[in-house]
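# A structural walkthrough
Residues per chain are reported as follows:
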Amino acid sequence: MHVAEQPAEIEQCLAEYGRTPVELLQQEDILRERFTAIHAIHISEAEARLVAHAKSCVCACPTSERNLADGAVPAHWLLGEGGGLSLGTDSQIQIDLFEDARLIEYHLRMTRLERVLLASKEGRDLTQNLLAMTTKEGARSLGLPVGELAVGRPADFVSIDLDDPSVAGGEPGALLEQLLFSVERTAVREVFIQGKAIVHEGQHSDQTEIVHKFVDLQRRLWR
């Protein structure tokens, strides 16, 4: 459910129910492990605590939120309370999971004037937390047995061209940091879903058809 994406939503909810969206969800016993709040930007530290302690997930959409001028998800509060944070998109301006991951931290740096805000109490460092957002936490939000390579799990994974300019020359011990803070989409060469190659050598199997249909749509829209 979209929750607390923009200030007007908070104002309208208060006027109608006398409670913020998060407070109303708690009152109605909706905040549970199976619940995911999309955005959850305009929430207080106390509300972040409510979401985290209910074991609900928050799905942030940083590239969409940047484009829409929504604001920054208070990920530091959520992680500080042991909450789960996953990544998604609700626009077609840009779809880039790596960019979304780094923006979670970068947006906070701009508003808080601090760095490395998303290291957690459990001892996980910044990159481990961002990696979890792109993998395991997304799987938990969806309730699907994916998010890691393990026996019995679907073979969902990507391959990265280590000669791509965005990561070329990186030290093996720093590859995770490079993936999360510098890699570009051009570096993704293969994408496998349940062991089937959907993207090969940087091109989607249906890319030619998809582009042609999209061009036709654009022409109809802009005539």
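In the block above lies the structure referred to throughout.
What you see is a predicted model, and the numbers here were worked out from it, not measured in a lab. (Residues numbered from 1 in each chain as written. Predicted model: local features only at pLDDT ≥ 70, side-chain atom pairs only at ≥ 80, totals over all residues. Heavy atoms only, no water.)

The next thing to look at is the overall build of the protein. The number of helices and strands found in the protein is 10 helices and 8 strands. For 223 residues, the compact-globule formula gives about 17 Å, and the C-alpha radius of gyration of the protein, at 19 Å, lands near that figure. C-alpha atoms of the protein, sized along the principal axes, occupy 55 × 55 × 40 Å. Looking at the protein residue by residue over its 223 residues, the buried ones come to 38%. Relative to all contacts within the protein whose residues are 6 or more apart in sequence, the contacts with residues 24 or more apart total 59%. Approximately 13,200 Å² of the protein is accessible, and the part contributed by carbon and sulfur atoms is 54%. With 22 positive and 35 negative side-chain charges, the protein shows a spacing of 2 Å between the two charge centroids. (Helix = DSSP H or I, 4+ residues; strand = E, 2+ residues; numbered from the N terminus. Rg over C-alpha atoms; globule rule 2.2 N^0.38 Å. Buried < 20%, exposed > 50% of the residue type's maximum accessible area, 1.4 Å probe, protein only. Contact = heavy atoms within 4.5 Å. Areas by Shrake-Rupley, 256 points an atom, 1.4 Å probe, with all protein chains shown as cover. Lys, Arg positive; Asp, Glu negative; His and termini not counted. Charge placed at Lys NZ, Arg CZ, Asp CG, Glu CD.)

Below, the discussion takes up a nonpolar patch on the surface. On the surface, a nonpolar cluster with roughly 500 Å² of combined accessible area is contributed by Phe-214, Leu-217, Leu-221 and Trp-222. You can see Leu-217 is positioned in helix H10 (residues 207–222). Given the relative accessible area of 35%, Leu-217 is considered partly exposed. (Patch = residues over 30% accessible without salt bridge, like charges linked within 9 Å, V, L, I, M, F, W, Y side chains within 5 Å. Salt bridge = Lys/Arg side-chain N within 4 Å of Asp/Glu carboxyl O.)

So, on to empty space enclosed by the protein. Within the structure shown, the criterion is met by 1 cavity of 30 Å³ or more. Size it by volume and the largest cavity reaches roughly 30 Å³. Together, Pro-62, Glu-65, Ala-72, Val-73, Leu-103, Ile-104 and His-107 line the largest cavity. For the lining of the largest cavity, the elements supplying multiple residues, two or more each, are helix H4 (62–68) and helix H6 (97–112). Ranked by residues supplied to the lining of the largest cavity, first place goes to H6 with 3 residues. (1 Å grid on protein atoms, 1.4 Å probe; cavity = no way out; pocket = protein on both sides within 12 Å on 5 of 7 lines; lining within 4 Å. Points joined across faces, edges and corners; volume = space filled by probe spheres on them.)

In this section: the nonpolar core. Residues Val-58, Leu-78, Leu-85, Ile-104, Leu-118 and Met-133 are the most contacted members of the largest nonpolar core, which totals 31 residues. Every element with two or more residues in this core is listed here: helix H2 (21–27), helix H3 (45–53), strand E3 (57–60), helix H5 (75–80), strand E4 (84–87), H6 and helix H7 (126–134). Aside from chain neighbours lying at most four places away, what touches Met-133 is Leu-79, Leu-85, Ser-86, Leu-87, Ile-104, Leu-118 and Gly-138. (Core = buried A, V, L, I, M, F, W, Y, C linked by side-chain atoms within 4.5 Å.)

With that out of the way, let us pick up the pairing of strand E6 (residues 188–193). Remark: a regular strand shows side chains that alternate across the two faces of the sheet. Pairing of strand E5 (residues 157–160) with E6 involves 4 bridges; the strand directions are antiparallel. Bridge pairing in E6 places Val-158 opposite Val-191. Inspection of the sheet shows E6 paired to strand E7 (residues 196–200) by 3 bridges, in the antiparallel sense. Considered in E7, the bridge of Ile-193 is made with Lys-196. Remark: 2 residues form the turn of the hairpin made by E6 and E7, two consecutive strands paired antiparallel; Gln-194 in that turn has positive phi of roughly 50 degrees. (Pairing = 2+ DSSP bridges.)

Moving on to the pattern of salt bridges. Side-chain pairs of opposite charge can arise where the charged atoms are in close proximity. Scanning all chains against the criterion turns up 11 salt bridges. A salt bridge links Glu-99 to Arg-66, with the nearest nitrogen and oxygen atoms 3.5 Å apart. Of this pair, Glu-99 sits in helix H6 while Arg-66 sits in helix H4; the two residues are 33 residues apart in sequence, bridging distant segments of the chain. Residue classification places Glu-99 among the buried positions, given a relative accessible area of 15%. Under the relative-accessibility criterion, Arg-66 is labelled partly exposed at 41%. Where salt bridges share partners, they join Arg-66, Glu-99 and Arg-102 into one cluster.

Once that is clear, we can look at the environment of Glu-81. The topology assignment puts Glu-81 in the loop between H5 and E4. Sequence separation between Glu-81 and Glu-45 is 36 residues, and the spatial gap between their C-alpha atoms is 9.5 Å. Apart from the residues lying within four places of it in its own chain, the contact partners of Glu-81 are Arg-49, Ala-52 and His-53.

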